[in-house]
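Residue strings, one per chain:
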Amino acid sequence: MPSMTRLRLDFRRNRTRVLRRATQAAFGLFILVTSVLHYTVTSQKMASIDAYCPFGGFETLWRWASEGGKFIQMTHASNLVLALGLVAGTILAGGAFCGWVCPFGALQDLLGWIRKKLHLPEVRVPAKMDRILTYGRYVSLVGIIAATIASVKLWFAGWDPYRTLFGLGWIFEFNLAENWLAYLVALVVVGVVLFVPRAWCRYACPLGGAISLLGNLSLLRIRRVESECRGCAVCIKPCPVKIDVAHADPAVSANCIGCLECVDACPHKAALGVTLGPALPKFKFGKKESVA
Amino acid sequence: MKAMRVNKYLMPLLVLVALLGSVFVAKASGTWKTSGRGEVIVDESGRPDPAGIKGWMTLEGVSETYGVPLDALYVMIGAAPEVPAGTEMKMLEGLLPGTSVSTVRAGVAAYLDGSWTPADGKYEGGESHE
């Protein structure tokens, strides 16, 4: 059994990771407990996880604004409130929601951990393909919002892998005939993420697309100080979303999920850190940002 | 303007404060709502939309909201008369294998558009109108 001193040392060394895992676990647990209660408690008002998704706020915003406060089915005021909080948080401090809060991000981190424990190979997406695939998030964002506005229902909900997995319908209301597409999409996503770290976040997440766009405006960014950087590139390896931190110019990509792994990994602390800087949009479409 | 180095934990902290702060303010102002319980979803023509049938709705509630007589609803799902009218939709699957909220949604939609009547016996269509 490790001694208390050893545990304290480990915590100090991995403080950021421990804090992040604890935060992710807390939010993940909250969503899972919400799902279980939604299916099992009949006498009280138990919300479904749909009510706690900020993306639902983006989806229902058009109807809410254009039809005098009406919501798309399965969305509520809570979705709008969370979307507003997320927009404010992202403009203030970037995409830390993805790295610290999102349960689906946590699940992807867990799958990455499982991959390492099972000694499975990590599939590295070639940089050029990675750059192209990254646009998938914006396509997904625009497509889902447009389809939701046109159909006046949560068009994506039927096969959203986050909803399928965390909604726990596959346990409490398993119905292959009706939900086969949702199960298939979730299985494919889990399978891909097992080999390609955070693949859903990097290539398909519509909320990630919105956060990435807003992240270009964020006041807090991780920035590299070129004059201090020794070019060791140690910061690149731990990045879960494979950002080329070593060549950040000076702010790292808005695709950053704020996990702070790169900052902790940097052996020369003056070279990389979180900074408060001007919120100048610096969109880098087409420019190499990833080392995948 | 030169960027100023700050504590790295400010990054997640601000996001958490913004997120949880918005929830706190919404709760304090009474705008926080996570359920549509009690609300009836209507379609473009203003009629209650069967797609709005929820797991928390009771047989009696569905009957009243959608104008399907309770007897017809029992025939639709193949329920024995002993099944209480206060049974919630999400309990149906446990009581009546093969019947779920989706079955009721589809059945009620079929009743409303006239493609199913109690004389047809238990509703066997599986198409969801969601």
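Please read these numbers as outputs of a predicted model, since none were measured by experiment.

Examining the overall build of chain A
Step number 1: A count of helical and extended segments in chain A gives 14 helices and 2 strands.
Step number 2: The C-alpha atoms of chain A give a radius of gyration of 20 Å, which matches the 19 Å a tight globule of 292 residues would have.
Step number 3: Across its three principal axes, chain A shows a C-alpha extent of roughly 60 × 50 × 35 Å.
Step number 4: Relative to its full complement of 292 residues, chain A shows a buried share of 50%.
Step number 5: Relative to all contacts within chain A whose residues are 6 or more apart in sequence, the contacts with residues 24 or more apart total 77%.

A closer look at the confidence of the model for chain B
Step number 1: When pLDDT is averaged along chain B, the result is 85, and 92% of the positions lie at 70 or above.
Step number 2: Of all helices and strands in chain B, the one with the weakest mean pLDDT is helix α4 (residues 89–95) of chain B (81), whereas helix α1 (residues 10–28) of chain B scores best (97).

Section: empty space enclosed by the protein
Step number 1: In total, this model carries 2 cavities of 30 Å³ or more according to the counting rule given.
Step number 2: Taken as a whole, the largest cavity holds about 90 Å³ of empty space.
Step number 3: Its residues placed into classes, the lining of the largest cavity shows 12 nonpolar, 1 polar and no charged.
Step number 4: Approximately 60 Å³ is the volume attributed to the second largest cavity.
Step number 5: Around the second largest cavity sit 13 residues that line it, and Gly94, Gly95, Arg221 and Cys256 of chain A together with Met11 of chain B are the ones nearest its centre.
Step number 6: For the lining of the second largest cavity, the element with the highest residue contribution is strand β1 (residues 220–224) of chain A, accounting for 3 residues.
Step number 7: Taken together, the residues of the lining of the second largest cavity sort by class into 7 nonpolar, 5 polar and 1 charged.

Observations concerning the confidence of the model for chain A
Step number 1: Averaged over all residues, the pLDDT of chain A is 89; the fraction at 70 or higher stands at 90%.
Step number 2: Within chain A, no element has a lower average pLDDT than helix α1 (residues 4–13) of chain A, which sits at 69, and none a higher one than helix α5 (residues 96–101) of chain A, at 97.

Examining the nonpolar core
If you look at soluble globular proteins, the nonpolar side chains tend to sit buried side by side.
Step number 1: Phe55, Phe97, Phe104, Phe166, Leu207, Ile222 and Leu260 of chain A are the most contacted members of the largest nonpolar core, which has 72 residues in total.
Step number 2: Broken down by element, the residue count for this core peaks at 6 residues, all from α1 of chain B.
Step number 3: Here Phe97 of chain A is in contact with Pro54, Leu86, Cys102, Leu207 and Ile211 of chain A together with Val15 and Leu19 of chain B, once residues within four sequence places are set aside.
Step number 4: Grouped together as the second largest cluster of nonpolar side chains are 25 residues, Leu73, Ala79, Met89 and Leu92 of chain B included.

Rules and cut-offs
- Residues numbered from 1 in each chain as written.
- Chains lettered and ligands numbered in written order.
- Predicted model: local features only at pLDDT ≥ 70, side-chain atom pairs only at ≥ 80, totals over all residues.
- Heavy atoms only, no water.
- Helix = DSSP H or I, 4+ residues; strand = E, 2+ residues; numbered from the N terminus.
- Rg over C-alpha atoms; globule rule 2.2 N^0.38 Å.
- Buried < 20%, exposed > 50% of the residue type's maximum accessible area, 1.4 Å probe, protein only.
- Contact = heavy atoms within 4.5 Å.
- pLDDT = per-residue confidence, 0-100.
- 1 Å grid on protein atoms, 1.4 Å probe; cavity = no way out; pocket = protein on both sides within 12 Å on 5 of 7 lines; lining within 4 Å.
- Points joined across faces, edges and corners; volume = space filled by probe spheres on them.
- Nonpolar A, V, L, I, M, F, W, Y, C, P; charged D, E, K, R; others polar.
- Core = buried A, V, L, I, M, F, W, Y, C linked by side-chain atoms within 4.5 Å.

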